[in-house]
Amino acid sequence: MTNQIKAAALAAPAVLAASAPAMAQSLDQTINEGFASATGWFVSFIFSPFPGTSFPWIVMWLVIAATVFTLYFGFIQFRAFPHSISLVKGDYSDPNDAGEVSHFQALATALSGTVGLGNIAGVAVAVGIGGPGATFWMILAGLMGMASKFTECTLGVKYRNEYEDGTVSGGPMYYMTKGFAERGLPAGGFMAVLFSVFCILGAFGGGNMFQANQAHAQIANVVGDYPGWITGLVFAAIVFAVIVGGLKSIAKVTEKVVPFMGVLYVLTALVILIMNANMIGWAFGQIFAGAFTGAGVAGGMVGALIQGFKRAAFSNEAGVGSAAIAHSAVRTKEPITEGFVSLLEPFIDTVVICTMTALVIIITGQLISDPNTGMYLLDEGASTIQTVDGNKGVALTSAAFSSAIPFFKYILAIAVILFAFSTMISWSYYGLKAWTFLFGEGQTKELVFKVIFCIFVVIGASANLGPVIDFSDAAIFAMAVVNIVALYFLMPVVKGELDSYLSRLKSGEIKKFH
Amino acid sequence: MSHKIVVGYDGSDSANAALAFATDLAKAQGGSIVVAHVLEWSPYSFLTPTELEERHKRRGEELDRAEAAILAPAVDSLKDSGLEIDTALKYGNIATTLGEIATESGADQIVIGRNGEPGLSSRVFGSVAISLAQAAPVPVTIVP
């Protein structure tokens, strides 16, 4: 009897040890399955194709919007580009406003919310499915998206709320309510509520779960596989400490290190491109050929286009409305100036950084093509291109950089964690703004949102990439649906601001201070 | 002509020494004094979204605090000196902004205190005294 107990006691730890990984894996699985079945309907609706085609209506929606804004404002992204740079440098800033939020600071904070995994993992997803040609459509989407960003950020500043204590709140919710009321348009309040709901979902999705998911993938890629909920809990604890505990030190460190990592990332990509300078011409050849012929990728040319536009929109968030929240705190007498500054955001995010990632993946030969036909080989499901080690998402980018600079995967792991973290902090703020717009301000209400946000960190790290990326995309694009409708109705306001500002700039009424 | 002296003042011992030195100088020359405090600030620093939202409010609080805790006591300590006293409170790079204050107020010299030992950080990043000596638009006196 005593021996039996002893034996059982001895066996128990062994059983526990053996079952722990199994339990952990099944916990991940349970979360994943539950998540996929709960969000599937929403995803299918957002990405449903035009009847009789395979072209998702939402992608067309974004393309048309960016084209309309580009034409309506007469290619403002190219005309105003030099002036935007002067504004960021502070050439037009009144020295008496020193100590207030500068154009540079508003841009830097907005960028740290958008530069993130979209630039590293999202591009790998685009190129992995759509082939090199996706890059062309991504760059085009970035250039056009500059006009969407210009429109929404001008409105964000113009219709922001300035409270008596000196704090400000801005964003699509405010231009939908105040802007629509000013122009005598109906349904502004309804749209603001709808936008806020989608913004909260977007904060949980692309701004949170996708980040946690890919941060975990990257850590597992470096240290070996382990259950995602562990990463999730650690991340959730840190995010909790910052957004609930008010632990400013972590946020401050992140805000300082993230720009540095961004520059390091671009410089490393440049070094790899210079090392392979003779292949850059070939890579652009692949990009152009792929953009118009499809070069054998999943879905052909349309597949490349869809992937390029989807990932560009996901990365730079032009037309989504999130940037209008971030940019609205700047100190300026002219709302349009923040519009000019914000149009640099998709340029830096997509045209520069995303293109770097894509070129490195293409040039380092991660995508496998048939040596005889030059066509890319598809994997078994015929949905993605075969890669050298079967890598997807952030692992593909990591493999591409490491093949040129072996230790870079460690630096990239740190960069991914920091980018993920800063994006989560930014989106927790966007989500909170939408939340307080719906439910009102108050400590308990805000705490409820923040705790839910932290729970989603754990879910995101545990679930598989597929369902997470689908839901993240769907939520972010749902924001764009509502936001762009509002932008169409309010774009004459921006036009008025633009014409007035440009004429005063020309007449010399608006002068440089420096 | 009347002499105007800008004193870079932060409430520290060395700043008080500079203020005392400037006071004697102004009395001897029949001049006036501008007590200047600069809040270190770069428009190119990085802030979180919450910091952006609260910046305007915080700026007001910082200005009030500097006015009450630094400038007001200094002006108070000089009220029996019989000198004409002005104050200046600005954000910016300390050395550059002190130079700007001197130019704007038409001062003909700047007096600052020297802060402590020449440590590693001042060797790497430079000190206010050195930057001012290199870039100031008017003569600078550094009081130990």
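Just so you know, these numbers come straight off a predicted model, no measurement behind them. (Residues numbered from 1 in each chain as written. Chains lettered and ligands numbered in written order. Predicted model: local features only at pLDDT ≥ 70, side-chain atom pairs only at ≥ 80, totals over all residues. Heavy atoms only, no water.)

Trainee: Quick question: what am I supposed to make of the overall build of chain A here?
Mentor: Helix and strand content of chain A: 20 helices and two strands. What you see for chain A is a C-alpha radius of gyration of 24 Å, in line with the 24 Å of a compact globule of 514 residues. When the backbone C-alpha atoms are referred to their principal axes, chain A occupies close to 95 × 60 × 50 Å. Looking at chain A as a whole, 57% of its 514 residues qualify as buried. Look at the contacts in chain A between residues 6 or more apart in sequence, and 83% of them connect residues 24 or more apart. (Helix = DSSP H or I, 4+ residues; strand = E, 2+ residues; numbered from the N terminus. Rg over C-alpha atoms; globule rule 2.2 N^0.38 Å. Buried < 20%, exposed > 50% of the residue type's maximum accessible area, 1.4 Å probe, protein only. Contact = heavy atoms within 4.5 Å.)

Trainee: Would you explain the nonpolar core in this entry?
Mentor: Generally speaking, soluble globular proteins have nonpolar side chains that are buried together. Counting 149 residues, the largest nonpolar core has Phe150(A) and Phe340(A) as its most contacted members. In terms of residue count, helix H20 (residues 465-507) of chain A provides more of this core than any other element does, 20 residues in total. Every residue in contact with Phe340(A), bar those within four places of it in the chain, is listed here: Ile76(A), Ala80(A), His83(A), Ser84(A), Leu87(A), Phe150(A), Leu498(A), Tyr501(A) and Leu502(A). By size, the runner-up hydrophobic cluster in this structure holds 17 residues, among which are Ile5(B), Ala15(B), Ala26(B) and Ile70(B). (Core = buried A, V, L, I, M, F, W, Y, C linked by side-chain atoms within 4.5 Å.)

Trainee: Which parts of the structure should I look at to understand helix H4 (residues 81-89) of chain A?
Mentor: A turn of α-helix holds 3.6 residues, and therefore any two residues three or four places apart point the same way. Within H4(A), the full set of buried residues consists of His83(A), Ser84(A), Ser86(A), Leu87(A) and Val88(A). Count one or two residues on from H4(A) and you reach Gly90(A), which has phi positive near 95°.

Trainee: Any chance you could explain the interface of chain B and chain A here in plain terms?
Mentor: Size of an interface: often given as the accessible area lost when the parts come together. On the chain A side, the residues contacting the 20 residues of chain B number 29 residues. Where chain B abuts chain A, roughly 2,300 Å² becomes buried across the two surfaces, and 57% of that area is made up of carbon and sulfur atoms. Looking only at chain B, the three residues that lose the most surface to chain A are Phe46(B), Leu52(B) and Glu53(B), adding up to 31% of its buried area. Remark: the boundary between chain B and chain A carries three salt bridges. In this structure, the salt-bridge partner of Lys433(A) is Glu53(B), at a minimum N-O distance of 3.0 Å. (Buried area = accessible area lost by both parts, 1.4 Å probe. Salt bridge = Lys/Arg side-chain N within 4 Å of Asp/Glu carboxyl O.)

Trainee: Explanation requested: helix H8 (residues 172-182) of chain A in the structure shown.
Mentor: Along H8(A), the positions that sit buried rather than exposed are Pro172(A), Met173(A), Tyr174(A), Tyr175(A), Met176(A), Gly179(A) and Phe180(A). Among the residues trailing H8(A), Gly184(A) stands out with phi positive, at a value near 70°.

Trainee: What exactly am I supposed to notice about the pairing of strand E4 (residues 109-113) of chain B here?
Mentor: Residue and element names in this part refer to chain B. With five of five residues buried, E4 is to be regarded as a mostly interior element. Burial along E4 is two-sided: Gln109, Val111 and Gly113 and Ile110 and Ile112, pointing in opposite directions, are all buried. Across four bridges, the pairing between E4 and strand E5 (residues 140-143) is parallel. By the bridge assignment, Ile110 is partnered in E5 with Val140. (Pairing = 2+ DSSP bridges.)

Trainee: Which parts of the structure should I look at to understand the pattern of salt bridges?
Mentor: Oppositely charged side chains can form a pair if their charged atoms are brought close together. If you walk through the whole model with that rule in mind, you get 16 salt bridges over all chains. In this structure, Arg504(A) engages Glu334(A) in a salt bridge whose closest nitrogen and oxygen atoms are separated by 2.7 Å. Here Glu334(A) lies in the loop between helix H14 (322-327) and helix H15 (335-342) and Arg504(A) lies in helix H20, a separation of 170 residues in the sequence. Taking the relative accessible area as the measure of exposure, Glu334(A) reaches 18% and is therefore buried. When the shortest N-O distance is used, the salt bridge between Arg58(B) and Glu54(B) registers 3.0 Å. Residue Arg58(B) and its partner Glu54(B) are both found in helix H2 (residues 49-77); the two are separated by four residues, about one turn of the helix. The exposure class assigned to Arg58(B) is partly exposed, which follows from its relative accessible area of 28%.

Trainee: Just checking my understanding: could you explain the packing of aromatic side chains for this structure?
Mentor: Given two aromatic rings, their pairing is described by the distance between the two centres and the angle made by the two planes. Residue and element names in this part refer to chain A. Across all of its chains, the model carries 32 aromatic pairs over all chains by this definition. Considering the side-chain rings of Phe73 and Phe150, the 5.3 Å spacing of their centres and the 80° angle between planes classify their relative orientation as edge-to-face. With Phe73 in the loop between helix H2 (57-72) and helix H3 (76-79) and Phe150 in helix H7 (residues 133-158), this residue pair connects regions lying 77 residues apart in the sequence. Overall, Phe73 belongs to the buried group, its relative accessible area being 1%. Among the aromatic residues, ring-to-ring pairing joins Phe204, Trp435, Phe439, Phe449, Phe453 and Phe456 into one connected group. Of note, Lys158 hangs over the ring of Tyr159, and the distance from its end group to the ring centre comes to 5.7 Å. When the ring centre of Phe47 is taken as origin, the NZ or CZ atom of Lys310, which lies over that ring, is 4.4 Å away. (Phe/Tyr/Trp six-rings, centres within 6.5 Å; stacked < 30°, edge-to-face > 60°. Lys NZ or Arg CZ within 6 Å of the ring centre and 35° of its normal.)

Trainee: Help me out: how do you make sense of the packing of helix H13 (residues 300-316) of chain A against helix H16 (residues 344-363) of chain A in this one?
Mentor: The geometry of a pair of packed helices is captured by two quantities: the angle between their axes and the separation between those axes. Residues and elements named next belong to chain A. Look at H13 against H16: their axes get within 9 Å of each other, and the N-to-C directions meet at 130°. Comparing the axis directions of H13 and H16 gives the class oblique. Where H13 crosses over H16, the two elements pack in a sense that is right-handed. Side by side, H13 and H16 meet where Ala312, Ser315 and Asn316 of the first sit next to Pro346, Asp349, Thr350 and Cys354 of the second. Partitioned by chemical class, the residues of the contact of H13 with H16 number three nonpolar, three polar and one charged. (Axes fitted to C-alpha atoms, helices over the stretch in contact; angles between N-to-C directions. Parallel < 35°, antiparallel > 145°, perpendicular 65-115°, else oblique. Left-handed = near helix turned anticlockwise from the far one by under 90°. Nonpolar A, V, L, I, M, F, W, Y, C, P; charged D, E, K, R; others polar.)

Trainee: What exactly am I supposed to notice about the confidence of the model for chain B here?
Mentor: Detailed reading of the predicted model is not advised wherever pLDDT is low. In this model, chain B carries a mean pLDDT of 83, and residues with pLDDT of at least 70 account for 91%. Per-element mean pLDDT across chain B ranges from 57 in helix H4 (residues 120-125) of chain B up to 90 in strand E1 (residues 4-8) of chain B. (pLDDT = per-residue confidence, 0-100.)

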